[in-house]
Amino acid sequence: MDVNDRVQKVIDGIVSRGNERALQVAAYWKGKLVVDTWAGDIDATSGKKIDGDTLFPVFSTTKGIAATAIHILAERGIISYDGPIAQYWPEFGCNGKEKITLRHVLSHTAALPHMPDCKRPEELSDWDHMCRLIAELTPLWAPGTKTQYHAITYSWLLGETARRADGRDFGTIIREEICTPLGLEKSLFVGLPESEDDRVAILEANPNPPPPPDPPPPPDPVAARAIPPLVCPLEFWMNKKFARRGCIAASNGIMTARAIAKHYAALIGDVDGVRLIPESRLKKALETPNTGEPENVVRGLGYSVWGAKGGFGHGGAGGSTGSADRRAQLTIGMAKNRMGTGAGESRTAGEQIVSEIRAALGL
């Protein structure tokens, strides 16, 4: 049984046990697509099956794609990691933000994780409105001194800086610099056209969530401001068409597992004659700031980094993810439409799938 068949058997089992509604998995090894599998239903009611071209909202998995766009511009000298954002976006340079850089944003040390005071979720899809609000924010602490996940503000902090430096809107940059070279124009979107709505898998809450830890952790007031109640529950928000339309490059990407895996494959090597950034730039992208954070939350410039193992990538709420193992020359993309993993599995779907891929390849 080859690797694709082995992975297909695993995901068929996960779906048939009712622990996931639908799963889509792809993997590239040494620049070649070796896994391209899917199983399950596009929603809870229609009975329509997904296929390899079904699109999934992947939340923060989008952040890795957005970071790649920034690294492409940096490689061309269009943008700098270490110059103040205000040199590109003058209105941003106020209220203690004058020295904040893209390096701070990419590594989640900009001290701006908190969302502006929006009244309606529709506001998040209005680019100019959100950029005006972001430009008025005040850092919560000294930038560069602490890591705190910029769950949604990352979108405009990166995207508007890139737009001011480059001249193109951020969605266009992603499309022209990542999607077009890799042939992903119909499988990776940050800002979904209305014509593609029927291809999108419908997200659903987990009917059997794992029990909460005992005792529960204390509430994090900053995290609550980073993902405000107006976009919760997240699956409800991203099932709305207005949430899909705008470019919210931290969290509203809609794509296939195949596109995710191919994007990472073209970061670590050549895929179909394309490499997105050279090795020298990738090494810079994987540099990690020393902010005293635990090893398991180390962040490079836009990617989570797994230390000396040569691994990096980014996951998203609900369990979709993209990853690269530079040593093994392996990249994996996974997309799903049920939020989280239920209590009925000893390991998450992602853990089972990655383990099977690596075992089948002898890694």
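Quick look at the structure, then. (Residues numbered from 1 in each chain as written. Predicted model: local features only at pLDDT ≥ 70, side-chain atom pairs only at ≥ 80, totals over all residues. Heavy atoms only, no water.)

### Some words on the sheet that holds strand 7 (residues 311–315)
Then, in step 1: Judged by pairing direction, the sheet is antiparallel, and its six strands sit side by side in the order 2-1-9-8-7-6 without closing on themselves. This sheet does not close on itself; its edge strands, each paired only once, are strand 2 (32–40) and strand 6 (304–306). Here the strands of the sheet are splayed against their neighbours by 15° on average, with no regard to which way each runs.
Then, in step 2: Sheet topology note: the strand 8 (residues 321–325)/strand 9 (residues 330–336) ladder contains five bridges and is antiparallel. Of the residues in strand 9, the one forming a bridge with G322 is G333. (Pairing = 2+ DSSP bridges. Helix = DSSP H or I, 4+ residues; strand = E, 2+ residues; numbered from the N terminus. Axes fitted to C-alpha atoms, helices over the stretch in contact; angles between N-to-C directions.)

### Details of the packing of helix 1 (residues 3–16) against helix 12 (residues 349–361)
Then, in step 1: At a minimum axis separation of 9 Å, helix 1 and helix 12 run at an interaxial angle of 160°. For the element pair helix 1 / helix 12, the angle class is roughly antiparallel. Considering only the axes of helix 1 and helix 12, their crossing is right-handed. Contacts between helix 1 and helix 12 involve V3, R6, V7, V10, I11 and I14 from the former and A349, Q352, I353, E356, I357, A359, A360 and L361 from the latter.
Then, in step 2: Of the residues that constitute the contact of helix 1 with helix 12, the class distribution is eleven nonpolar, one polar and two charged. (Parallel < 35°, antiparallel > 145°, perpendicular 65-115°, else oblique. Left-handed = near helix turned anticlockwise from the far one by under 90°. Contact = heavy atoms within 4.5 Å. Nonpolar A, V, L, I, M, F, W, Y, C, P; charged D, E, K, R; others polar.)

### Quick notes on the pairing of strand 7
Then, in step 1: Counting buried positions over the five residues of strand 7 gives four, a clear majority of the element.
Then, in step 2: For strand 6 and strand 7, the ladder comprises three bridges, and the chain directions are antiparallel. Across the sheet, the residue bridging to W306 is G311, located in strand 7.
Then, in step 3: One ladder, built from five bridges, connects strand 7 with strand 8; its direction is antiparallel. Opposite G313, over in strand 8, you have S323 as the bridge partner.
Then, in step 4: Remark: five residues form the turn of the hairpin made by strand 7 and strand 8, two consecutive strands paired antiparallel; G318 in that turn has positive phi of roughly 95°. (Buried < 20%, exposed > 50% of the residue type's maximum accessible area, 1.4 Å probe, protein only.)

By themselves, these figures tell us nothing about what the structure is for.
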